Each structure stands twice: as structure tokens, then as C-alpha cells.
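# Overview (structure and organization)
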Amino acid sequence: MKYFVLLCDGMSDYEIPELGNKTILEFANTSNFDLIAKDGCCGFIKTTPDGMYPGSDICNLSVFGYNPAEVYTGRSPIEAASIGVELGENDFAFRCNLITLSDDGKVMEDFTAHHIDNDTARGIIDKLQEEFKDKAIEFYAGVGYRNLMVIRNADFRVKTTPPHDIIGKEINDYLPRGEGADILLDIMEKGAEIVKSVKSSANAIWLWGEGKKPSLKSFKSVYGLDGAVISAVDLVRGIGKLAGMKVIDVPGATGFIDTNYEGKAQYAIEALKQCDYVFVHVEAPDESGHMGRVDLKIRSVEDINNRMLPIIMEGLKAFGEYRILITPDHPTPISLRTHAAELVPAIIAGTGVISDGNICYNEKLNPSFVINEGYKIAEYFIKSRSIG
């Protein structure tokens, strides 16, 4: 049996007045999603445990099959694992976003620095590293605006805020607070001077997502399957590495609306010739939701529908026995421009799955399953003899 997970980041949404009070999934062309839903069964997953923030780190861990309440130590340590940065027991990692503040430096204009390109971002990170290298502070380039900072032999008890939660808001109330916050504020102040010295769309850095070294049991030891991960996002790649999975690079995978949809689908099917489980992550719907762009979110859903699903479903048929799980990790509603801690709609189809009568895939489906402890979706998907 082959197992395929298609994680459409932030895809679920609320009703949108300008779409006739339909959600993105109701309004967009989801003909291939709907065909899979008709052949399979549909339900809801609670990916965010009570009391935890609905971040992509928490929610993707759940879909992978790990209980965030037991294994989560912070977002940035996962991203560190992705790019091969080793953390000691007393080291702290932070996400370092390159951002754009308003001209007066008071308002979060854009948490991506208007999707700064990789080469420009790397040049800025190199300058930051040169400035701070003698202070046990290390900067590492990631993808575009998503970068990493590590402070060695430190102790922080701080509260930070994801920058995508405060788009259009004054930043003063959301700056780091708590024990060690003064260190972070000093780095952010000096970092902004360095960023401004490079001609680009960025004019500051934002530190958040702090955490220490995590530990995950291998996916194979838990679920008995060799796995692979395809994503342009360090966070998801990091979970894959920590879980002992093969992380596959796809040319042209960007983590945005211009990603190589066909390539992701093709590489995933090829990977299943060598392993039994593949997790494919698509970031574009989430980025579109954060931007508040209805048009781009519709486009991202339709690109997945038209450019990925035909390749995936045709490829899976060649293996004979297979199952596919399609789900968001969390909603990223256009009206909020950030994540919501709500159940997400999911499809399971393939071998041993009995059709439950749903003919459309959206937030208003008639559920045949509800997974209230989100991490149990992996066991349900992989180990259930029959579903539906």
C-alpha cells in the first residue's frame, strides 16, 4: 500500500461576501477535489490542541501524526533541523523574518518584505552574520524572507508574536517581552540598521518562534513506513528530517503562488517508487490568505486542482493499492489574514475507503469522521483496514 498526504496550507476559509457568501473552496473550480471526495469519504480534523497556537508548526506536526502537546519545543528549532543547524541543549533558535515596516517604523506593513528574493535576502543575512559573529549569535539564510537566528548558551523566557498576525498594526505592543527580551530588542534595532544598508524591499528584522532542541521518534518506528517529504518551507522539511524521512528538493518550488505545482506532484509519485509514504506540502493558499488576496487564494486552489491532482491521481493508480489524504493544516481566512484554531475539512480516498455520499469538498461537507485529537489522523489514515 502506498500513502499520499497532500497538505494544502491554510486552504480552508470563511464565507466571503464578495463571493456571494461562499468560501474559497465553494467558489473556486474544485472539480478534481470533488471527484476524489465523491469516491472517498470526508470529515474534519482538529489539528490545533486546546491551549496551543494554530501555527503551521503545531498543525503540521498533528497531520504527520505527532502529538504537539508532547513533542513541540518551538518553531525555529524545527527550521534549524531543516537547514542542518545543530543545536546544543542550551541553545535557542529564533525565526528571523525580513520584514517591511511603515516609513516611520511603527506599523507592520509586510511580514515577507514583499516576498524578497532569495539572493537579496541571503546578502542581508550574510551582513547580519558578519556583524554579530563575535557575540555567540548566528544567522542562517533560509528561503526568501524566512531565515534563522541562533543564540548559543542562552536562557530566554520571552513572549514573541508571529509577524503575520499583526499586518497593518502598530508593532509596539507586540515586541518581545519577558526575560531576555532586551537582548532581542537590541538585535532587532541593530539589525534594522544593517538591513537598511542594503537596497531592498526589507527595512527591518523580526525575531519570533523561539525554542530549544526538539526530539521526535522516527516516522518508521511509529508507523512502520519509509517516508519522504516535499516542501519549499523549512518548517515542514525540518519535521521530515527530525522524523527520519527523506527530504526531496523540487526545482522551482518557491513556497508561493508561483511554485512548481506539476514538479511537486511528479517528484512525489516518483518518490513512492522507493518509499511507501509521501507528504507533499503546498504553501500558496496560506500566503494568499495572509495577504488578504481573494484572487490569489482562488488561483492557488485552482492550480492545485488543475495542475497537481490529475498527475497525483493518475500516478497513484499505477501502484494498485493506495490511499490519499487531502487536508489543510489550519484555516487562514481572508478576513483575518492569519490562522484560526478551527477544525479543517479532509478527504480520504483509495483502497479500503468506502464512499460516504459527499459530492463536493469544502467546509460544509457532511462528515463521516471527526478526529478531535488531530495527531490521530495518521493512525486512522494508515492503520484502519476500512474507512467510511
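This text goes with the structure placed above it.
All figures in this text were calculated on a predicted structure; none of them were measured in a lab.

What follows deals with unusual backbone geometry. One non-glycine residue, His115, lies in the positive phi region at around 55°. Relative to the helices and strands, His115 resides in the loop between strand 4 (108-110) and helix 6 (118-132). Classification of His115 as partly exposed rests on a relative accessible area of 25%.

This part is about the pairing of strand 3 (residues 92-101). Of all 10 residues making up strand 3, 10 are buried, and the element is well covered by its neighbours. Burial along strand 3 is two-sided: the face carrying Phe92, Phe94, Cys96, Leu98 and Thr100 and the face carrying Ala93, Arg95, Asn97, Ile99 and Leu101 are both buried. In the sheet, strand 3 pairs with strand 6 (residues 146-151) via six bridges, with the strands oriented antiparallel. Among the inter-strand pairings, Arg95 is bridged to a residue of strand 6, identified as Leu148.

Relative to the elements of secondary structure, Glu363 occurs in the loop between strand 14 (344-350) and strand 15 (369-371). Of the side chains with opposite charge, Lys297 comes closest to the buried, unpaired Glu363, at an N-O distance of 6.8 Å. Polar side-chain contacts of Glu363 include one of 2.9 Å to the backbone nitrogen of Asp13. In this structure the side chain of Glu363 is engaged in a polar contact, spanning 2.6 Å, whose partner is the side chain of Thr23. Apart from the residues within four sequence positions on either side, Glu363 is in contact with Met11, Ser12, Asp13, Thr23, Leu25, Phe44 and Pro345.

Turning to helix 5 (residues 75-82), a few remarks are in order. Within helix 5, eight of the eight residues are buried, which leaves the element mostly enclosed by the surrounding structure. Those residues of helix 5 not exposed but buried are Arg75, Ser76, Pro77, Ile78, Glu79, Ala80, Ala81 and Ser82. Just past helix 5, the residue Gly84 takes up positive phi, approximately 80°.

Right, let's get into the sheet that holds strand 1 (residues 2-8). Strand-to-strand pairing in sheets goes through backbone hydrogen bonds, with the strands running parallel or antiparallel. Reading across the sheet, the eight strands line up as 11-10-12-1-13-14-2-15 and stay open at both edges, with mixed pairing between neighbours. Unpaired on one side and paired on the other, strand 11 (246-248) and strand 15 mark the two borders of the sheet. Neighbour-to-neighbour, the strand axes of this sheet turn through a mean angle of 20°, independent of strand direction. In this structure, strand 10 (residues 227-230) lies alongside strand 12 (residues 277-282), joined through four bridges in parallel fashion.

What follows covers the packing of helix 2 (residues 31-39) against helix 12 (residues 294-317). Contact geometry of helix 2 with helix 12 gives a least axis separation of 7 Å together with a crossing angle of 50°. The angle between helix 2 and helix 12 places the two elements in the oblique class. Contacts between helix 2 and helix 12 pair Ser31, Asn32, Phe33 and Ile36 from the former with Val301, Ile304, Asn305, Asn306, Leu309, Pro310 and Met313 from the latter. Residues that form the contact of helix 2 with helix 12 fall into these classes: seven nonpolar, four polar and no charged.

What follows covers the pattern of salt bridges. Considering all chains together, one arrives at 23 salt bridges under this definition. The closest approach of N and O atoms between Arg157 and Glu179, which form a salt bridge, is 3.6 Å. Taken together, the positions of Arg157 in strand 7 (residues 157-159) and Glu179 in strand 8 (residues 177-179) put the pair 22 residues apart, joining distant regions of the chain. Judged by its relative accessible area of 52%, Arg157 is exposed. Judged by relative accessible area, which is 46%, Glu179 ranks as partly exposed. One salt-bridge network, held together by shared partners, links Glu262, Arg299, Asp303 and Arg307.

Take a negative patch on the surface next. A contiguous patch of negative charge on the surface is contributed by Asp103, Asp104, Glu109, Glu170 and Asp173. With a relative accessible area of 55%, Glu170 lands in the exposed category.

Before going further, it helps to spend a moment on the nonpolar core. In terms of nonpolar packing, the biggest core is built from 49 residues, with Phe4, Leu6, Met308, Ile312, Leu316, Ile324 and Ile326 touching the most fellow members. Of the residues forming this core, the biggest block, 10 residues, is contributed by helix 12. The residues contacting Phe4, other than those within four sequence positions of it, are Ala268, Ile269, Leu272, Val278, Val280, Ile312, Leu316, Arg323, Ile324, Leu325 and Phe381. In terms of nonpolar packing, the next biggest core, distinct from the first, is built from 41 residues, Phe92, Ile124, Met188 and Leu207 among them.

Turning to the pairing of strand 10, a few remarks are in order. Along strand 10, one buried face is formed by Gly227 and Val229 and the opposite face, lined by Ala228 and Ile230, is buried too. As defined by bridge partners, strand 10 adjoins strand 11 across three bridges and the pair is classed as parallel. Along strand 11, the bridge assignment pairs Ile230 with Ile248.

Cut-off values and rules
- Residues numbered from 1 in each chain as written.
- Predicted model: local features only at pLDDT ≥ 70, side-chain atom pairs only at ≥ 80, totals over all residues.
- Heavy atoms only, no water.
- Helix = DSSP H or I, 4+ residues; strand = E, 2+ residues; numbered from the N terminus.
- Buried < 20%, exposed > 50% of the residue type's maximum accessible area, 1.4 Å probe, protein only.
- Pairing = 2+ DSSP bridges.
- Lys, Arg positive; Asp, Glu negative; His and termini not counted.
- Salt bridge = Lys/Arg side-chain N within 4 Å of Asp/Glu carboxyl O.
- Polar contact = N/O pair within 3.5 Å; in protein donor to acceptor, adjacent residues only side chain to side chain.
- Contact = heavy atoms within 4.5 Å.
- Axes fitted to C-alpha atoms, helices over the stretch in contact; angles between N-to-C directions.
- Parallel < 35°, antiparallel > 145°, perpendicular 65-115°, else oblique.
- Nonpolar A, V, L, I, M, F, W, Y, C, P; charged D, E, K, R; others polar.
- Patch = residues over 30% accessible without salt bridge, like charges linked within 9 Å, V, L, I, M, F, W, Y side chains within 5 Å.
- Areas by Shrake-Rupley, 256 points an atom, 1.4 Å probe, with all protein chains shown as cover.
- Charge placed at Lys NZ, Arg CZ, Asp CG, Glu CD.
- Core = buried A, V, L, I, M, F, W, Y, C linked by side-chain atoms within 4.5 Å.

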